[in-house]
2 protein chains.
Amino acid sequence: MKKIESIKEFGGYLNRYQHESQSCDCLMTFSVYLPPAAETQQVPALYWLSGLTCTDDNFRVKAGAQRYAAELGLALIIPDTSPRGDHVPDDPDRYDLGQGAGFYINATRAPWSQNYRMYDYVTRELPELVEATLPLVPGLKSISGHSMGGHGALICALKNPHSYRSMSAFAPICNPVRSPWGENCFSTYLGEDREAWKAWDATCLIEAGAKPVPLLIDQGTADEFLAEQLHPQQLQAACAARDFPLTLRMQDGYDHSYHFIATFIGEHLAWHAAALTA
Amino acid sequence: MKKIESIKEFGGYLNRYQHESQSCDCLMTFSVYLPPAAETQQVPALYWLSGLTCTDDNFRVKAGAQRYAAELGLALIIPDTSPRGDHVPDDPDRYDLGQGAGFYINATRAPWSQNYRMYDYVTRELPELVEATLPLVPGLKSISGHSMGGHGALICALKNPHSYRSMSAFAPICNPVRSPWGENCFSTYLGEDREAWKAWDATCLIEAGAKPVPLLIDQGTADEFLAEQLHPQQLQAACAARDFPLTLRMQDGYDHSYHFIATFIGEHLAWHAAALTA
């Protein structure tokens, strides 16, 4: 991997890298914040998965997370939201399909299946790459995300309960098989067999008996996508039915934006840091 | 003025307004963050002036200031960086002249003088407007800014020492009459008489005997514009010659970006809050 940018922030460094991804069969860009503690020791990592239309840039610019990561001694690993490039399939007329909308799954339908393997990328290829080259404690990681990336964080941890110490999300798509965003991407990337979709849906995974990983969710009550797309109540019901530990906080008056994330990101990072150092 | 957006953040509200500005003879947009304390009492205000190419959006999204403003009970008043509109003179081929580059002065040359009166706007029209309509303590304000906006913050306070309790800046253009950015805009907006420029230059104003206002400046040593455009040493020399109180902190390894601002904005807000509540 090649470092293409390095900016000092809160005493640590916000770096950007590029590498040829095997999972995604394209050049991928990602960002890493290394806290001051990483200059003298290996640190735990929090992976952040962003939402529709984002790149690795949105979170690092808008969330205000680096301050807390510096204080807590956490590295932030911030991948892109899909494969990229002229040779990568896309639907340029849609913001919610194709590039910028990888949904953190492994596509099985052509032509998407050649590149849209963000699940493999986030859970296997990227951790192997950064743990081999950066001052990270091998295997010590947690995961969080927003909206589509909240869905991504949940399925990555639910499908790999021994690989993540904790998971959290802001306004996640909790039950994508029932949301227009999810139905649209899953039918395109996976085909029309709805049973196959359930392996990529947090609510369905918990209903099917996924092992517990500590889970914190913040959801704004003024979120413009809450009613149609996000369905936290479905996830809550699934957790209740299986005694799956969930902390779901309905935050009065907050919307779907990064201003909502900025308000609570410090609490999420402190919560992950506690799990990572327990 | 008309509220066009309101987003809950850190328990307070980030609002955006539009109004017909008399100073700028155009429709102006600005943002205000009202901390939770503003729901029950009047609060002091910190004005933030942004740099070249910015609107009111950059600071509110990138600096992470709202967290500190919420904690400290400060309102943030965030104007645009120039007049705007199809009828407003511009130089679309340049990022450093015309719209997005008002330089916080009152232009005297046609056609710029009709609209480019950001100094009047920031020091008189906007405070009168927000103090008449929002829960602000009348007259209790400080000012800060970045780059061109750091220059703006300095000249606003130096020319109105009784109107501002404190001033601060990140990487300000300290001596615009000697910087290519300043020379370009001043010659266009003010004409070729360099003596007239000195009334809009912080270093020249201090050399000419401006009354003291507490002044804090952070400047990154890895700032790509430091050598050619910013000249903090000129300001430092002027302050030393007149016993003008200056705290200039050269911050090792920091650049000109909002990541630099985010790192130190909390210390600036705490410093202003102390001055505003003294």
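Below: a short report on this structure. (Residues numbered from 1 in each chain as written. Chains lettered and ligands numbered in written order. Predicted model: local features only at pLDDT ≥ 70, side-chain atom pairs only at ≥ 80, totals over all residues. Heavy atoms only, no water.)

1. Looking at the interface of chain A and chain B
- Facing the 20 residues of chain A at the interface are 20 residues of chain B.
- Inspection of the region where chain A meets chain B yields zero salt bridges.
- Counting across the interface, chain A meets chain B through ten residue pairs in polar contact (both at pLDDT 80 or more).
- Classifying every residue of the side of chain A that touches chain B gives seven nonpolar, six polar and seven charged. (Contact = heavy atoms within 4.5 Å. Salt bridge = Lys/Arg side-chain N within 4 Å of Asp/Glu carboxyl O. Polar contact = N/O pair within 3.5 Å; in protein donor to acceptor, adjacent residues only side chain to side chain. Nonpolar A, V, L, I, M, F, W, Y, C, P; charged D, E, K, R; others polar.)

2. Considering the relation of the copies chain A and chain B
- Superposition record for chain A on chain B: RMSD 0.0 Å, screw rotation 180°, translation along axis 0.0 Å. The superposition of one copy onto the other is thereby described by a two-fold rotation axis.
- A share of 100% of the interface residues of chain A reappears at the interface of chain B, consistent with the copies meeting face to face through the same patch. (Least-squares fit on C-alpha atoms with pLDDT ≥ 70 in both.)

3. Here's the deal with the sheet that holds strand β5 (residues 75-79) of chain B
Residues and elements named next belong to chain B.
- Spatially, nine strands are ordered β1-β2-β3-β5-β4-β6-β7-β8-β9 in an open sheet, and the strand pairing comes out mixed. Since the sheet does not close on itself, it has two edges, and those belong to β1 (2-9) and β9 (246-251), each with one partner. When the angles between neighbouring strand axes are averaged without regard to direction, this sheet yields 20°.
- Of the strand pairs in this sheet, β1 and strand β2 (residues 12-21) are connected by seven bridges, and their pairing is antiparallel. Bridged to Lys 3 within β2 is Tyr 17.
- Running at roughly 140° to strand β6 (residues 136-146), helix α4 (residues 148-159) makes contact with β4 (43-49), β6, β7 (167-170) and β8 (215-220) of the sheet.
- Relative to β9, helix α9 (residues 232-242) is tilted by about 155°, and along the sheet it contacts β8 and β9. (Pairing = 2+ DSSP bridges. Helix = DSSP H or I, 4+ residues; strand = E, 2+ residues; numbered from the N terminus. Axes fitted to C-alpha atoms, helices over the stretch in contact; angles between N-to-C directions.)

4. Some points on the pairing of strand β7 (residues 167-170) of chain A
Residue and element names in this part refer to chain A.
- With burial as the criterion, each face of β7 is covered, one bearing Met 167 and Ala 169 and the other bearing Ser 168 and Phe 170.
- Pairing of strand β6 (residues 136-146) with β7, which is carried by four bridges, proceeds in the parallel orientation. Within β7, the position partnered with His 146 by the bridge is Phe 170.
- With respect to chirality, the unit in which β6 leads through helix α4 (residues 148-159) into the neighbouring parallel β7 is right-handed.
- Across four bridges, β7 lies against strand β8 (residues 215-220) in parallel orientation. Residue pairing in the sheet places Phe 170 in a bridge with Asp 218 of β8. (Buried < 20%, exposed > 50% of the residue type's maximum accessible area, 1.4 Å probe, protein only. Right-handed = clockwise from strand over helix to strand, strands pointing away.)

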